[in-house]
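Structural overview for review
Residues per chain are reported as follows:
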Number of protein chains: 2
Amino acid sequence: MSTQIPKGFRLAVAEAAFKKAGRNDLALALSDFPAASAGVFTTNLFKAAPVLVGRGLLDERRFARAVLINSGQANACTGPEGIARCKESLALTASALGLEAADILPASTGVIGVQINLEAFAGAVPKLAQNLGKAGIEDFAAAIMTTDAFPKFCAERLDFSGKKVLLAGVAKGAGMICPNMATMLSAVFCDAEVRADDWRAMFKRTVDRSFNRVTVDDDTSTNDTLYGLANGASGAKVEGNALHKLEEALVRVLEDLAYKLVQDGEGATKVMHIRVRGAVSREDAEAAARTVGRSQLVKTAMYGRDANWGRVICALGRSGADFIPEEVSFSLCGVTLFKDGQPTDTNFDALLKDALEKRDLALDISLGGGPGEYLLLASDLGHEYVSLNADYRS
Amino acid sequence: MSTQIPKGFRLAVAEAAFKKAGRNDLALALSDFPAASAGVFTTNLFKAAPVLVGRGLLDERRFARAVLINSGQANACTGPEGIARCKESLALTASALGLEAADILPASTGVIGVQINLEAFAGAVPKLAQNLGKAGIEDFAAAIMTTDAFPKFCAERLDFSGKKVLLAGVAKGAGMICPNMATMLSAVFCDAEVRADDWRAMFKRTVDRSFNRVTVDDDTSTNDTLYGLANGASGAKVEGNALHKLEEALVRVLEDLAYKLVQDGEGATKVMHIRVRGAVSREDAEAAARTVGRSQLVKTAMYGRDANWGRVICALGRSGADFIPEEVSFSLCGVTLFKDGQPTDTNFDALLKDALEKRDLALDISLGGGPGEYLLLASDLGHEYVSLNADYRS
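Being a predicted model, the structure only gives us computed values, none of them experimental.

Some points on the overall build of chain A
Counting secondary structure elements, chain A contains eleven helices and 15 strands. Residues classed as buried in chain A amount to 59% of the 394 residues present. With an accessible surface of roughly 14200 Å², chain A has 49% of that area assigned to carbon and sulfur atoms. Taken as two groups, the 44 positive and 49 negative side-chain charges of chain A have centres that lie 4 Å from each other.

Okay, here's the thing in structure tokens:
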């Protein structure tokens, strides 16, 4: 039983062969009704053409009809020509669907620095139009993949005063194994009716609690994009107090997709759940968590199943977070290795042997008695990452 | 012909077997005269006992007689007991040499979390006293090594109005291959007479231009220490305008040692010379350089001899440095790969093939027309690093 599609949305995929033939690499999600639109983009100063175009469209309008994503070419570092071609691709698609180009939100992922292949686009657009309604969520997720090991999607069913609402999300990205920039793309489709301002505020907050909490190799690409469309086709109007319920569901969907990003790839063998508590502020907790999650020494230790508390402590100490060393404690998979500023005497190797074989490792850090907390997911660093990212040329 | 020792200094090494037997692991540099003292320490919030003790000694006095370094045990994360033992080790040494304990500046490197072995210390101190004057600079450098592949030392001869001055430096550290924290220790001995304030100011500035410009795996350990002693034994009084000449020599010595740190280790195959120019400020240039130098994707590309401009651009874009994308240019080993915001058409693979085989790779980045500049040395990331840092436990 495949994942249902929210009411009033029709999906289509097609093959344009932007990079390789033999797979779908163009995906379209079309809403029959204007949908409240939201978008969150990369903070990288180098923004791909589709990011600049999409951002502009969201600034101009609060509603959209479609999300169009291609894989194989990122249309990044392509200058004014790249922007023109992005707009042309939207015009082509709009023409085939009876829409305005400004109704369609674009995203791309793939090779950077190369102009988007408009001929390939033009050839595939009629197929997209023909295939509308024939693709499922999983097909959409597969068409936007680049180096992902598996398509990523999930959904949540909600009930608002008897009216059923479906929230479905797709994502792609797997930094650990990506020879390029590990672009993270995601799109969420919902059949609830939500005011555009509420929908946009929700996305801002939830991205921070989900995708921003994931670090694979600390790289934010030129193309990172998250889009959301809410079209009201379910008849459920979500406002006021009910917004909280929808937002929590959105967080769960995005957290699920974010977790899959970290998990993906032959390169990654571990998902570190780094939870920092007791910091003086959330910013400090985040700095501490990110420094630990980004540390090559910590990541290789986890890959090697080595309960190396010293590397975690060292990372905390240089994170910029403010704390008193004697108030710091750290436990790995529930075993306390470091307490009140000093290592414990625990014979932890025996205690942790089995736990360290598992994929999910809990790194719990306490910096003191403050209110600041942060949870970050991070992957390990092993040989596969090096092999996949070091391109030997003879 | 071994490196000369500055006048009025005598060196000694001994074996205490703090970790392994069969090698010297205790090193002493004694000045016959009180020497202007300087010290720069790790900024990590977790500071090893010798760092806390050394810092305290430098706060109390502007002169010292000796530097005492042990390898094998870092005396870090050892609490009040660790501090007490550090002071005891200095008292033991002072007693054997007829000094005051406060005359001796300590440093340690090695395993953390374990109390320093005072019995081993007590057993080795008499040997140190006996061996005074029998060790050369290279012996000293060898005794402070942990996972270094080779001892690191260098010297510069200067002439001040006919008086000869010698500046000799030693260092240890090799983050790439260090299973622990890649502690960086360094000591500089000079026979010039310098006012303590001038000497200390000089160290502050030069550390920033040398050791702080090196990133191997971005980790600042619990023990990082740089000491400097200037004892005036040459009879050359360096003050006023002459200070600049001494400082430039000190920079060259420290840069040489810093370069050796980056170069060291089976794990590292490349030294990236990342030079950022045209930033709005030095801080921005530094942020840009460090983000590039720390990027796993850039480091694996260099290891793989892959002219991957995209990864460098991506790192710049997320560095926090402020710039206009269309003003950014990047060249690798002298070949321009990215100009004014877009990739060049250059067939760079052929052009760069030979250059990428060399150890030293020049990454030249221009962010615009601003005054900010920064040069950073960074190593690559390859399989050896993972092997050496992932401790497989069966």
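So, next bit.
Brief notes about the packing of helix H7 (residues 282-294) of chain A against helix H9 (residues 309-317) of chain A
Residues and elements named next belong to chain A. The geometry of H7 relative to H9 is characterised by a closest axis approach of 8 Å and an angle of 135 degrees between their N-to-C directions. Here H9 runs oblique to H7, going by the angle between their axes. The element H7 and its partner H9 pack so that their crossing is right-handed. Two secondary-structure elements touch here, H7 through Ala 288, Thr 291 and Val 292 and H9 through Val 312, Ala 315 and Leu 316. Taken together, the residues of the contact of H7 with H9 break down into five nonpolar, one polar and no charged.

What to know about the packing of aromatic side chains
With the rule as written, the count across this model stands at 16 aromatic pairs over all chains. Note on Phe 9 of chain A and Phe 189 of chain A: the rings are 5.5 Å apart at their centroids and 50 degrees apart in plane angle, and the pair reads as tilted. With Phe 9 of chain A in strand S1 (residues 9-14) and Phe 189 of chain A in strand S7 (residues 185-190), the pair connects residues that are 180 residues apart, well separated along the chain. Put simply, the rings of Phe 46 of chain A together with Trp 309, Phe 323 and Phe 338 of chain B pair up and form one aromatic cluster. Just above the ring of Phe 160 of chain B sits the side chain of Lys 245 of chain B; from NZ or CZ to the centre is 4.9 Å.

Some remarks on unusual backbone geometry
All names here are of chain A. The phi dihedral of Arg 305 falls on the positive side, at around 60 degrees, and the residue is not glycine. With respect to the helices and strands, the residue Arg 305 is situated in the loop between helix H8 (296-303) and H9. Given a relative accessible area of 21%, Arg 305 falls into the partly exposed group.

Section: the nonpolar core
Ranked by size, the top nonpolar core spans 96 residues in total, and within it Ile 274, Leu 316, Phe 330, Leu 363 and Leu 367 of chain B carry the most contacts. Setting aside chain neighbours within four positions, we find Leu 316 of chain B in contact with Phe 46 of chain A together with Ala 288, Val 292, Phe 323, Val 328, Ile 365 and Leu 367 of chain B.

Brief notes about the relation of the copies chain B and chain A
By a simple turn and slide, chain B fits onto chain A: the slide is 0.0 Å along the axis, the RMSD is 0.0 Å, and the turn is 180 degrees. In the structure described here, the two chain copies are related by an operation that fits a two-fold rotation axis. By C-alpha distance to the rotation axis, the residue of chain B lying nearest is His 383 of chain B, at 3.0 Å. Take the interface residues of chain B: 100% of them recur as interface residues in chain A, which is what a same-surface contact looks like.

Considering the pattern of salt bridges
For the structure on display, the rule yields 35 salt bridges over all chains. Across the pair Lys 152 of chain A and Asp 264 of chain A runs a salt bridge, and its minimum N-O distance is 2.5 Å. One end of the pair, Lys 152 of chain A, is in strand S5 (residues 152-160); the other, Asp 264 of chain A, is in the loop between helix H6 (242-263) and strand S10 (271-279), with 112 residues separating them in the sequence. With respect to class, Lys 152 of chain A is no different from Asp 264 of chain A; both count as buried. The salt bridge involving Glu 156 of chain B is made with Arg 252 of chain B; its shortest N-O contact spans 2.6 Å. Of the two residues, Glu 156 of chain B is situated in strand S5 (residues 152-160) and Arg 252 of chain B in helix H6 (residues 242-263); the sequence distance between them amounts to 96 residues. With a relative accessible area of 18%, Glu 156 of chain B lands in the buried category.

Rules used throughout
Residues numbered from 1 in each chain as written. Chains lettered and ligands numbered in written order. Predicted model: local features only at pLDDT ≥ 70, side-chain atom pairs only at ≥ 80, totals over all residues. Heavy atoms only, no water. Helix = DSSP H or I, 4+ residues; strand = E, 2+ residues; numbered from the N terminus. Buried < 20%, exposed > 50% of the residue type's maximum accessible area, 1.4 Å probe, protein only. Areas by Shrake-Rupley, 256 points an atom, 1.4 Å probe, with all protein chains shown as cover. Lys, Arg positive; Asp, Glu negative; His and termini not counted. Charge placed at Lys NZ, Arg CZ, Asp CG, Glu CD. Axes fitted to C-alpha atoms, helices over the stretch in contact; angles between N-to-C directions. Parallel < 35°, antiparallel > 145°, perpendicular 65-115°, else oblique. Left-handed = near helix turned anticlockwise from the far one by under 90°. Contact = heavy atoms within 4.5 Å. Nonpolar A, V, L, I, M, F, W, Y, C, P; charged D, E, K, R; others polar. Phe/Tyr/Trp six-rings, centres within 6.5 Å; stacked < 30°, edge-to-face > 60°. Lys NZ or Arg CZ within 6 Å of the ring centre and 35° of its normal. Core = buried A, V, L, I, M, F, W, Y, C linked by side-chain atoms within 4.5 Å. Least-squares fit on C-alpha atoms with pLDDT ≥ 70 in both. Salt bridge = Lys/Arg side-chain N within 4 Å of Asp/Glu carboxyl O.

All we've got here are geometric facts, nothing functional implied.
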